[in-house]
Structure formats: structure tokens, C-alpha cells
Amino acid sequence: MSETIFDLQREEDAFAVVEQRLQISRREFMQFCAAVAATMGLPAGAEAAVAKAIEQAQRPSVIWLHFQECTGCSESLLRAEHPTLEKLILDVISLDYHETLFVAAGHQAEAARKSAMQAHKGKYVLVVEGAIPVKENGIYCKIGGKTAVDLVKECAADAAAVIAIGSCASWGGMPSTGPNPTGASSVAEVLGKPVVTIPGCPPSPYNFLATVVHFLTFGKLPEVDQLGRPKFAYSRLIHDNCERRAHFDAGRFAIEFGDTGHRQGYCLYKLGCKGPETFANCPTQLFGDAGPGTWPVGCGHPCIGCTEKGVGFAKPIHQTAVLKNVVPPLSYPRIVEEQGGTSFAAAAALAAIAGAAAGGAAMLAKNLGKQAEDGKPGTPATNQKAD
Amino acid sequence: MTEHAHHAHAPAPLGGKLITPVTLCLGALTLAAAVVGVIRFIFGLGAVTNLNDGYPFGLWIVYDVVIGSAFACGGYTMALLVYIFNKGEYHPLVRPALLASVFGYTLAAVSVIFDLGRYWNAWHIFWPGYSNVNSVLFEVATCISLYIMVMWIEFSPAFLDKIAVGFLKKIVPDIKRIVAKLMFLFIALGVLLPSMHQSSLGSMLIIFGNQLHPLWQSGFMLPLEFLLTAVLLGFAVVVFEATLVSMGFKRPRETDLLARLAKFMWGLLLVYLVLRIGELVLRGALPHAFQATLEAFWFWVEMLCFIVPLIMLAKPASRNNAGKLFGAAVLLMLGGFMLRINGFLVGYETGDGWHYFPSLSEFIVTVGLIAFEVLAYIILVKLLPVLPALKPASR
């Protein structure tokens, strides 16, 4: 496939179209494609495949449903500081229905959703943001007179792929926190089948974009773990890629906010950081395209485990984490290296050895000399070494 | 070697009791070293040594390997004298010297394993792709390993007959014939290889650069200084060992042979001292010797150990005095010892605050290794034909 992906002449034309459509330079476009390919952990050269998929005029129709949530996921997507990201978001996909971004309102909006579903039947991507309340037949969340449960079932029926964005849609998230009065549930629970989940509060927009672009490029959703999370983003513990990890291994911890250790950037484990039991790419992907340190632990706040069911919004923020597949070393490396010294016993032993050797050699030489003077060179000496 | 049978007496086993107070004492010391060795191999270097990040090598490398192999140069020096300079009259001294050498070197190789933190990777040094062929240590390691093999082959006529039991009975005569035919090759290698690695042990100090005190950092003279002192030590050890053997086993002393040997030793010592002091003067490092420092003190101890024997052995009469000869040999051994201790430890300064003095356990291992060497020597000369056979009225 890789040989036929990049036809230079065709690419020249295609780029011209893309430049016009997205109103970005070719360089910026390729940068985006490379960034997305890298987020997915695709091999070098994959950005060409990504570019080819994106430049196609036929963009996949996306229907975006909002239920029990704060719209933080959408905000995170839009607030990304990458210069033209929002353009790409809106132009890479054809966002045919999105309650908070829509200009249309009321029946008009519902009509748009229906027509998009009809027009792209079996081909559109359904994105769900927010948990779905199921108690009392789902009366706690209604849009256009329909309950969230009915809406998600209706939209999912003809969708090519269903993506649950954010922790709420992924496993109930904050609305499902006990006692969970509305019965907030995940998309997978409502649909009764596994869906791709992009948990996080909010998730990194790149994890979502990369999932969508993977779908565009390869016609299928990326490989996921047992919780439906794309493996390219959620296969490693935060703890394993954390820039403060060395402090953990060396036993240097911040004990309170603002203490010396905290100011020196020590490990936040004892402040309740959930990095050791949370799977996500936050330490490497970071947030907001603003450079190093721009993620919770980097800013000095313990990870709350928002991508992990049973951790985020479930465990108290300052409760220490359970260590998953990381066992602290039995002995920590020494912070102060011993520089050596002299033990009395060793010095005494050396003196004894040297003294015995010197005395023995001197006596031996003296005896030998005496015999030589006595003119008896052949006579064996009497010596303690004789056997 | 047996082709020189025309000269003097063929070697013969000494016989006698193996278990004596002396061998028991030596055995106990060896056992103590073995116990420390077990602790070292289970709990690591930090558990038994005083090594630290500033001094990553210590007594075990400097004494057991660097000095141990230099003390084991008797075989090298005697082979050089007998076979290269064709001085056949010293032949009776070759085999005993070789026995001491083969043990000295084999134990030096064993103590390297003691000192390697990750000894299980030791084979990397010989493995193509792992080995760093540009390293002095690579040269030392391969050269010493080869030399140990060469020496065992050189020494093999002494023990091949003993092991001719069972199925070996058939092949031993063939092996002996092949070894005898190729012996010239092994003897040549036995002279070439020590010349290479004994000088390389000095080259290692060049790499220390400014970390080594000016009194010892002689740059490209270091390999020559180490080689010359290794040959000197070889002479001294032969004198030392021959004297102790004749006293310990109540054999007649070979004073006249040793006295003539001492003439070579004296000449070489003069060459060495001229080179050493001349180099210090030319480099302008001599003023360091007159400062009130620890380094200057040990420098003088080292130099006196070389200068005093030069005076002691200046007259032919004193070379014939067994006592003076023995004393001079001991002093020379101490001088070679101090040169290496000074170069590798006393004059080696790796930065503020770092200190190294061997721990008791390190001493125990070193003393134990020496004890084992002496023990094995005593047992082997009793069992194997090493020392020349005695005839009545031999003188």
C-alpha cells in the first residue's frame, strides 16, 4: 500500500484543494497529519496515508450527542491551541449534528440529525459525550422529547462506528458517582455491546482525533484494550512515563502541597497521585500544545485517575494509589555516596603483615649472611619454614 | 626442556609428607579467603571491600593482578635468559620458576573474577562484537589468558606422566611428543606475551592522565618502566624462591648460580634507575619528591628499595653472600611492589573526598591467595619433577 499512496503529481493537486478547503498551508497540513500519525504510534510514512485520507473531499459524517456532561470534551477539542486545529476538526469530519456547536436550534436541529442519518446511513460516525441516565426509564435527560437512552439507541443502530468520548460516556464518569441518583451509565452499557472509549476528563483531543483519523485512513477503528480504549493512547501507566518517576524510585516525595519536596518537583504519590494505577498517555501527549509540564502532574497536582473506572471520581483525590505492576526497589539508591575511609582493624592487619614479613626477611638474610661468613655455604639454615 | 638434560640433574619429585604444620597453616589461610570469597559472590563487592565510586578498583586488582603477575615473572625472566640469551647453565632454575609463574598468573586471572562486579559478563572481553579492541585492558586480558595457557603447556612435561592413567595412558605419549616438537613455539610465545602485557599494565596508568601524581605519570615511559621492573622482579623472585626452597627443604643452596644471575639483575637495575630518575629530571617532576607530602614519602620508600640493592650488590663479593643477595632480592620485590601500589593507588587521586584503604576482608583474600600459591608450590614440588634431583657431593 505504501508505494501507491504517494503519487507526487496527484498529491500536488490534492494539496492545492486541501489548502483551499482548510485554508492552511501545506506545511501546516502535513504537520497535523504527522502529529496524528505519531499519536497513534504509526510507523514513519504513515502520515502520507493519513494525508491521503484527509484530503478526500468526502468527509465522514459525524453525529455528536450530548447527555449528562459538562461539554468539557467538546471544549477541549475546540480550545486546542494548535493554530488551525479547530478548522481541521470541523473540516476533517463533517460535523452534521452537534448540540452545542450547532447554529440550528429546536426542531431544525433534530431535522438536521435525521437527514444526516438518512443520507449517510450505515456510514456515519456516532460520537457520544456524557453519561446516559437509565433510572425511571431515563427521564432525567431528554432532548426534543426523547430520552437519552432512546436517542443513543436510535443513532447507534445505523452508525458505522460508535465512539464514547470522555469518562462519562466511557464508564459513567462523574455523574455515576455514588449514590448515582439518575442511574448514569456508559454507552456500552446502554447499547449492550462494546464501543471505542476515549476516557479522560477531558480527554486529550489528539486521542480522539487520532481515533477518527485512523477510522478514515484504514476504514476501521484502532485496536482497543478490554475497556474499549485505543491501545495507542491507553496501554501504558501514567506512572511509567512520568517525568517525576525518578523521584519515586529514589524515595523522594512531596508530603504536603507547598513543602520543600513539592517545590522541588518530587513525586506526588504521597499526595494521592493516581498515576501508578491509571492508564493514559498524558505525560507524553500533554495538553493544550503549550510545551513541557502542561499536564496535571507536571503542574504539581496529583493525577486523579480520570481515565480509569473505579479510580477517577471514585477514590478520594488524596488517597494513595494502589501500585499496579510497579514494585518499589527493595533498597533505594544512596543519595550520599560513601567516600571511603580506613578501618582500624585493616590498618592493624596491614601493619602486622608488613612487620612479620620485614622481620622474617631480615632474620633470614642475617642468618644467611652469618653462614656465608662462617664459610659453610652448603649448610641448610634452621628456620621456622623448614618442615 | 628435557632436551637440556645434558646439563646438571634432571628434575625429580621431592617426596615427603604433604601434611605438615606449614601446609596446615597455609590451608587455614586459604580457607579464610574462600569464606570471604563466598560472601563476596553472594552479597557483592560492597559487602566485603572498601571500594567506592572514587576508587573502583583496589587491593585485589593492584596486588592480586598487577603485582601478582609481576611477581610471577620468574618464568618469563628465566625463559628470556635461558632460551633467548642462550644461557643454558641457568636451566635448573627454569622449571621451579615456571611453576611459581603458572600459579601466580592463574591466580591473578582468578582474582580478576573476584574483582569484576558483573563477573558473569567476563567472557564479553573475548567475544567478537563485544570486545573493545582499542582498549589496553583488552590487550592485557587476552594476552594474560593466552600466556596462562602457554605456561601450562610449557609446564606440561612435569605433570603429563602423572596424569597418564586410564584412557589417557594411550594418548599421553603422543601429546608429549607433539608438545616437545612445538615447545620452541610456546617458549617464544612465553617470552613475547609477558613483554606485551607487563608493559600494557604500565600503559593503563597513562590513561589516568592528571589523576596520577607527577612522580608516577611518566607518560609513554610508563610501559618501559613497568616492563623493566617486571623483568627485575622476575630475577628477584627467582633468587627469593630458590633461597627459600633450599632453606625450607634443606637442600644445598645454588648461590654461585644465583650470584651470576645477580649480575644481570644489577645491570638491569642500573638501567632502570638511570631511566626512571632521568625521566623525572627531564620532565621536571623531581621537585615533587622533596615536598612534604604522603606521595613524596612513598616515592622515597619505593626509590630506596631500588637504590639500596644497587649499592648492596655492587661488589662481586657481596653478590656471593647469600644473605645480602636475599636481602637485595626482597628489597627489589618491595620496590616493584611499591611502584605498582604507588601508581595505582597512592598516586591516584580521583577527586576531593575520595579515600581508599583496603578492608580486612580484602586483606584476608589477598593473604589467602598468596598462602594458596605457596601451599600449591610446596605440594607440587613434592609430587612432580620440578626441582633438580640431588646427587651426593653435588658441589
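In this text the structure is predicted, and so the values were computed from the model without any measurement.

1. So, the overall build of chain B
Then step 1. A count of helical and extended segments in chain B gives 13 helices and zero strands.
Then step 2. When the helices and strands of chain B are placed in sequence order, the string is α-α-α-α-α-α-α-α-α-α-α-α-α.
Then step 3. Taking all 395 residues of chain B together, 45% fall into the buried category.
Then step 4. For chain B, contacts bridging at least 24 residues in sequence account for 81% of all contacts bridging at least 6.

2. Let's talk about the overall build of chain A
Then step 1. When you go through chain A residue by residue, the secondary structure sums to 17 helices and nine strands.
Then step 2. Of all 387 residues assigned to chain A, the portion counted as buried reaches 40%.
Then step 3. Put simply, 70% of the contacts in chain A that link residues at least 6 apart link residues at least 24 apart.

3. As for the interface of chain B and chain A
Then step 1. At the interface, 33 residues of chain B touch 29 residues of chain A.
Then step 2. Of all elements in the fold, only α8 (222–248), α12 (322–346) and α13 (360–383) of chain B reach the threshold of two or more residues within the side of chain B that touches chain A.
Then step 3. It is α12 of chain B that provides the largest number of residues to the side of chain B that touches chain A, a total of six residues.
Then step 4. Counted by class, the side of chain B that touches chain A contains 15 nonpolar, 13 polar and five charged residues.

4. Considering helix α11 (residues 205–218) of chain A
Residues and elements named next belong to chain A.
Then step 1. End to end, α11 covers 20 Å across 14 residues, agreeing with the expected 20 Å (1.5 Å per residue, within 8%).
Then step 2. In terms of burial, α11 is largely enclosed, as 13 of its 14 residues are buried.
Then step 3. Of the residues flanking the end of α11, it is G219, one or two places downstream, whose phi is positive at about 75°.

5. Brief notes about the packing of helix α10 (residues 294–312) of chain B against α12 of chain B
Residues and elements named next belong to chain B.
Then step 1. Where α10 meets α12, the closest approach of the two axes is 8 Å, and the angle between their N-to-C directions is 155°. Relative to α12, α10 is oriented roughly antiparallel. Crossing handedness for the pair α10 and α12: left-handed. Contacts between α10 and α12 pair E295, W298, F299, V301, E302, C305, F306, V308, P309 and M312 from the former with K324, G327, A328, L331, L332, L334, G335, M338, L339, N342 and V346 from the latter.

6. Details of the pairing of strand β1 (residues 61–66) of chain A
All names here are of chain A.
Then step 1. Across the six residues of β1, six count as buried, placing the element largely inside the fold.
Then step 2. As defined by bridge partners, β1 adjoins strand β2 (residues 94–98) across four bridges and the pair is classed as parallel. Within β2, the residue paired with W64 across the bridge is H98.
Then step 3. In this sheet, strand β3 (residues 125–129) lies alongside β1 in parallel orientation, the contact comprising five bridges. Within the sheet, the bridge partner assigned to L65 lies in β3 and is V128.

7. Structural notes on the nonpolar core
Then step 1. Residues A236, V239 and M333 of chain B are the most contacted members of the largest nonpolar core, which totals 116 residues.
Then step 2. The contact partners of V239 of chain B, leaving out residues within four places of it in the chain, are L258, L261, A262, L325, F326 and A329 of chain B.

8. Quick word on the packing of helix α4 (residues 74–84) of chain B against helix α5 (residues 94–115) of chain B
Two quantities define a packed helix pair, namely the angle between the axes and the distance from one axis to the other.
Residue and element names in this part refer to chain B.
Then step 1. Following both chains from N to C, one finds α4 and α5 inclined at 145°, their axes separated by 7 Å at the closest point. Touching G74, G75, Y76, M78, A79 and V82 of α4 are V94, A97, L98, A100, S101 and V102, all from α5.
Then step 2. Split by residue class, the contact of α4 with α5 holds nine nonpolar, three polar and no charged.

9. Comments concerning unusual backbone geometry
Then step 1. Cis geometry marks the peptide bond from G178 of chain A to P179 of chain A; its omega dihedral reads 5°.
Then step 2. Here C201 of chain A and P202 of chain A are connected by a cis peptide whose omega angle stands at -5°.
Then step 3. We note that N137 of chain A has phi near 55°; this positive angle belongs to a residue other than glycine.
Then step 4. Inspection of the secondary structure puts N137 of chain A in the loop between β4 (132–133) and β5 (142–143).
Then step 5. One non-glycine residue, N86 of chain B, lies in positive phi territory at about 55°.
Then step 6. Note that N86 of chain B resides in the loop between α4 and α5.

10. A closer look at the environment of M151 of chain B
Residues and elements named next belong to chain B.
Then step 1. Turning to its location among the elements, M151 is positioned in helix α6 (residues 136–159).
Then step 2. For M151, a count of 27 C-beta atoms within 10 Å gives the class buried.
Then step 3. Once the C-alpha coordinates of M151 and T106 are considered, the two residues, 45 residues apart in sequence, prove to be 9.6 Å apart.
Then step 4. Excluding residues that lie within four positions of it along the chain, M151 makes contacts with G75, L98, S101, V102, Y105 and G190.

11. What to know about the sheet that holds β1 of chain A
Two modes of strand pairing occur in sheets, parallel and antiparallel, and in both the strands are linked by backbone hydrogen bonds.
All names here are of chain A.
Then step 1. Taken in spatial order, the five strands line up as β2-β1-β3-β7-β9 in an open sheet, and their pairing is parallel. Of all the strands in the sheet, just β2 and β9 (196–198) have a single pairing partner and so form its edges. Taking the axes of each pair of neighbouring strands and ignoring which way they run, one obtains an average angle of 25° across the sheet.
Then step 2. Sitting on the sheet, helix α7 (residues 106–119) touches β1 and β2, and the angle it makes with β2 is about 135°.
Then step 3. Together, β1, β3 and β7 (161–165) form the strand contacts of helix α8 (residues 148–157), whose direction differs from that of β1 by roughly 170°.

12. Things to note about the environment of V134 of chain A
Residue and element names in this part refer to chain A.
Then step 1. Here V134 shows up in the loop between β4 and β5.
Then step 2. What makes V134 partly exposed here is the crowd of 19 C-beta atoms within 10 Å.
Then step 3. In sequence terms V134 and T182 are 48 residues apart; their C-alpha atoms lie 6.6 Å from each other.
Then step 4. If we ignore the near neighbours within four places in the chain, the residues touching V134 are V149, G183, S185 and V190.

13. Some words on α6 of chain B
All names here are of chain B.
Then step 1. With 24 residues, α6 ought to run about 34 Å at 1.5 Å a step, and its terminal C-alpha atoms sit 34 Å apart, in line with that.
Then step 2. The sharpest bend along α6 measures roughly 30° and falls at I153, with the proline P157 sitting one to four residues further on.
Then step 3. Buried residues of α6: V140, I144, Y147, I148, V150, M151, I153, E154, F155 and A158, and no others.
Then step 4. At its buried positions, α6 is contacted by α3 (59–71), α4, α5 and α7 (168–208).

14. Brief notes about the confidence of the model for chain A
Then step 1. On average, chain A scores 81 in pLDDT, and the residues at 70 or more come to 82%.
Then step 2. Per-residue pLDDT stays below 50 along residues 1–6 of chain A; that stretch engages in six contacts with residues further than four places along the chain or on separate chains.

15. Description of the confidence of the model for chain B
Residues and elements named next belong to chain B.
Then step 1. Averaged over every residue, the pLDDT of chain B is 87; residues scoring 70 or more account for 96%.
Then step 2. When the criterion is pLDDT under 50, residues 1–7 qualifies, and its contacts beyond four places in sequence or with other chains add up to eleven contacts.
Then step 3. Both scores are given for the predicted complex: the pTM is 0.58, the ipTM 0.70.

16. Quick look at the environment of L215 of chain B
Residues and elements named next belong to chain B.
Then step 1. With respect to the helices, strands and loops of the structure, L215 is situated in the loop between α7 and α8.
Then step 2. Of the residues examined, L215 has 25 C-beta atoms within 10 Å and is grouped as buried.
Then step 3. Expressed as a C-alpha distance, the spacing of L215 and G347, which sit 132 residues apart in the sequence, is 7.8 Å.
Then step 4. Excluding residues within four positions of it along the chain, L215 makes contact with A285, H288, A289, E295, F299 and G347.

Reading the values: the criteria
Residues numbered from 1 in each chain as written. Chains lettered and ligands numbered in written order. Predicted model: local features only at pLDDT ≥ 70, side-chain atom pairs only at ≥ 80, totals over all residues. Helix = DSSP H or I, 4+ residues; strand = E, 2+ residues; numbered from the N terminus. Buried ≥ 20, exposed ≤ 12 C-beta atoms within 10 Å, placed from the backbone. Contact = placed C-beta atoms within 7 Å. Nonpolar A, V, L, I, M, F, W, Y, C, P; charged D, E, K, R; others polar. Expected span 1.5 Å × (residues − 1). Axes fitted to C-alpha atoms, helices over the stretch in contact; angles between N-to-C directions. Parallel < 35°, antiparallel > 145°, perpendicular 65-115°, else oblique. Left-handed = near helix turned anticlockwise from the far one by under 90°. Pairing = 2+ DSSP bridges. Core = buried A, V, L, I, M, F, W, Y, C linked by C-beta atoms within 7 Å. Bend = angle between axes of the 7 residues up to and from the residue. pLDDT = per-residue confidence, 0-100.

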